[in-house]
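The primary structure of each chain is shown beneath.
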Amino acid sequence: MTVKIGVIADDFTGATDIAGFMSQQGWRVVLLTGQPQAEMPWNDDADAIVISLKSRSLDPEEAVARSLACYRWLTEQARALQIYFKYCSTFDSTPRGNIGPVSDALMAHSGVPMIVHCPALPQNGRTVVHGHLFVNGTLLNQSGMENHPLNPMKDARIAALLAPQTTGKTGLIDLATIHLGQGAIADRLHALRSAGVNHVIVDALSEEDLNTLAQALYCLPLLAGGSGLGGALAALRPSAYAPGDDRVPMPPARTVIFSGSCSLMTNRQVNAWKAQGPSHRVDMARCISGDEDYIDTLVAWAVAEPTTPLIYATTSAGELARIQSQYGESVASAAVEALFSRLAVRLLASGFNTFIVAGGETSGTVVEALQVKKLSVGPAIAPGVPWVYDRERQLSLALKSGNFGDEAFFFRAQELRA
Ligand code: ADP
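The structure displayed is predicted, hence computed values, not measured ones.

Helix α3 (residues 99-110) packs onto helix α2 (residues 60-76) with a crossing angle of 40° between their chain directions and a minimal axis gap of 9 Å. Between α2 and α3, the crossing angle belongs to the class labelled oblique. The crossing of α2 and α3 is right-handed. Residues P60, A63, V64, S67, L68, Y71 and R72 of α2 pack against P101, V102, A105, L106, H109 and S110 of α3. Residues of the contact of α2 with α3, tallied by class, amount to 9 nonpolar, 3 polar and 1 charged.

Below, the structure written as structure tokens:
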């Protein structure tokens, strides 16, 4: 059976994001966590396989090695026709990478000289005009993303963000060209290739632009970007499979919410939940010290709560800056992630079967801790955030990237958990 697209996602919420968009188009999508063993055979039915890595904040060498291992498996074992490198629609990266290094490595490995970058996700307000990234009409570097704890985005020009990450040449297909249609896009791609361009950034302001791009690009062996183009690519071709339910039957939900994102939207979502439901704010001093008693205290509190408990490290930009200067940015992040990781294991053992997690890195940590390997995709809670179900255990997960969803996200997620 043919896998139309093999996706390599640089974080877990990014993987569920694109899997959700493809699944909404009727595609059968299988989500795998972490890089598959090189020799692992593929016998499942799927229009797309999405592999989630936690490679966004790794050293570039490690991110490249893992991404290439996925590339090899997807092309050799799963025989995917097209490879899509999925990153965040806010182009989350640092001057070291990893978007540039991974894209360059995928090009070198596949023998393709050019990769198209389409981060736009108009449904979630992420648009690209003249190569500048906007979030709800505001330049990326004024959208709150300039305060991100791991990858503060200090520029909105995609070419400028890529420049320190690659020695490759960048070029643009602008909105005017896209509005001229597939033929004009193909001509422009040809011209950019002749000019030695490796990284082609594409503008997109609307779903229609994404659909035009999908028609122009669906034959290319290698693409990169956000989930918007992924959904548009799926919309172009019907699923090869009849709809089926591959879920393990679930008992009633016992839910916990973990929030490790400090995005503006997550702050609002946490505040909305706190106003009505039980919540516990992470004590950073105890979290940093790795205090085992603290984990016991949190577990006992969560278990005793009759309704869904929220445990959050989410904080304002000002407070985050203070914490980071006191403890060091990576020490603080690692401590928060370690806390959620340990809590996930303990709460699973205590009977929790449903985890709602806010934050891309935070979600990656939780999924790794829970040792989830293979997931199927359920209903969308918000654009880019579907419920996902462990294919082997009674375990449901909602993994939310920082700014996704609206204020009622934590409530809506629980209403939709089937
Ligand atoms: P997002 O999806 O918003 O980018 P992530 O989970 O990817 O969220 O990243 C947020 C990072 O910030 C994580 O590494 C998390 O551990 C860290 N973090 C969260 N809360 C705090 C805090 N109070 N102090 C320091 N770091 C924090």
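Here the narrative resumes, following the displayed structure.
Below, the discussion takes up the side chain of D390. Topologically, D390 is positioned in strand β17 (residues 385-390). Among the polar contacts listed, one links the side chain of D390 to the backbone nitrogen of E392, at a separation of 2.7 Å. A polar contact is formed between the side chain of D390 and the side chain of R393, at a distance of 3.1 Å. With sequence-adjacent residues up to four places away left out, D390 is seen in contact with V248, V372, K374, L375 and L395.

Take the site of the ligand next. If you check the shell around the ligand, you find 21 residues, and the closest are H148, S261, E337, E361 and T362. A distance of 2.7 Å separates an oxygen atom of the ligand from a polar backbone atom of E361. Contact distances for the ligand include 2.8 Å between an oxygen atom and a backbone N or O atom of G402. Relative to its unbound accessible area of 570 Å², the ligand is 97% covered by the protein chains. Broken down by secondary-structure element, the contributors of at least two residues to the shell around the ligand are α12 (317-327), α13 (329-349) and α14 (360-370). The dominant element in the shell around the ligand, judged by the number of residues it contributes, is α13, at 4 residues. Built from parts of two domains, the shell around the ligand gets at least three residues from each of domain 1 (5-236) and domain 2 (255-416).

On to the domain arrangement of the protein chain. The domains assigned to the protein chain are domain 1 (5-236) and domain 2 (255-416). The interface of domain 1 with domain 2 comprises 30 residues on the first partner and 32 residues on the second. Counting the surface lost from both domain 1 and domain 2, the interface buries some 2500 Å², and carbon and sulfur atoms represent 59% of this. Taken as a group, T13, K54 and P149 account for 24% of the area that domain 1 buries against domain 2, more than any other trio of residues on that side. At the surface where domain 1 touches domain 2, the tally comes to 4 salt bridges. A salt bridge links E361 to K54; the shortest N-O distance between them is 2.8 Å. Summed over the shared surface of domain 1 and domain 2, the result is 10 residue pairs in polar contact (both at pLDDT 80 or more). Of all the secondary-structure elements, those providing two or more residues to the side of domain 1 that touches domain 2 are α1 (12-24) and β2 (29-33).

If you trace the 3 strands from one edge of the open sheet to the other, you get β6-β7-β8, paired in antiparallel fashion. Each edge of the open sheet carries a strand with a single partner, namely β6 (126-129) and β8 (138-139).

The next thing to look at is the nonpolar core. In this structure, I49, F258 and F355 are the most contacted members of the largest nonpolar core, which totals 113 residues. For this core, the element with the most residues is α13, which contributes 8 residues. When residues of this core are sorted by domain, at least three fall in each of domain 1 (5-236) and domain 2 (255-416). The residues touching F355, leaving out its near neighbours within four places in the chain, are V256, F258, A344, L347, L348, L370, W387, L395, S396, L397 and A398. Counting residues in each nonpolar core, the second largest holds 19 residues, with W273, I381, W387 and Y389 among its members.

Close contact between helix α6 (residues 182-194) and helix α7 (residues 207-217) brings their axes to 9 Å; oriented N to C, the two are set at 60°. Between α6 and α7, the crossing angle belongs to the class labelled oblique. By crossing handedness, the relation of α6 to α7 is classed as right-handed. Across the interface between the two elements, Q182, I185 and L189 of α6 pack against T212, L213, Q215, A216 and L217 of α7. Among the residues making up the contact of α6 with α7, the classes are represented as 5 nonpolar, 3 polar and no charged.

What counts, and at which threshold
Residues numbered from 1 in each chain as written. Predicted model: local features only at pLDDT ≥ 70, side-chain atom pairs only at ≥ 80, totals over all residues. Heavy atoms only, no water. Axes fitted to C-alpha atoms, helices over the stretch in contact; angles between N-to-C directions. Helix = DSSP H or I, 4+ residues; strand = E, 2+ residues; numbered from the N terminus. Parallel < 35°, antiparallel > 145°, perpendicular 65-115°, else oblique. Left-handed = near helix turned anticlockwise from the far one by under 90°. Contact = heavy atoms within 4.5 Å. Nonpolar A, V, L, I, M, F, W, Y, C, P; charged D, E, K, R; others polar. Polar contact = N/O pair within 3.5 Å; in protein donor to acceptor, adjacent residues only side chain to side chain. Near = heavy atom within 4 Å. Areas by Shrake-Rupley, 256 points an atom, 1.4 Å probe, with all protein chains shown as cover. Domains from an automatic or database assignment. Buried area = accessible area lost by both parts, 1.4 Å probe. Salt bridge = Lys/Arg side-chain N within 4 Å of Asp/Glu carboxyl O. Pairing = 2+ DSSP bridges. Core = buried A, V, L, I, M, F, W, Y, C linked by side-chain atoms within 4.5 Å. Buried < 20%, exposed > 50% of the residue type's maximum accessible area, 1.4 Å probe, protein only.

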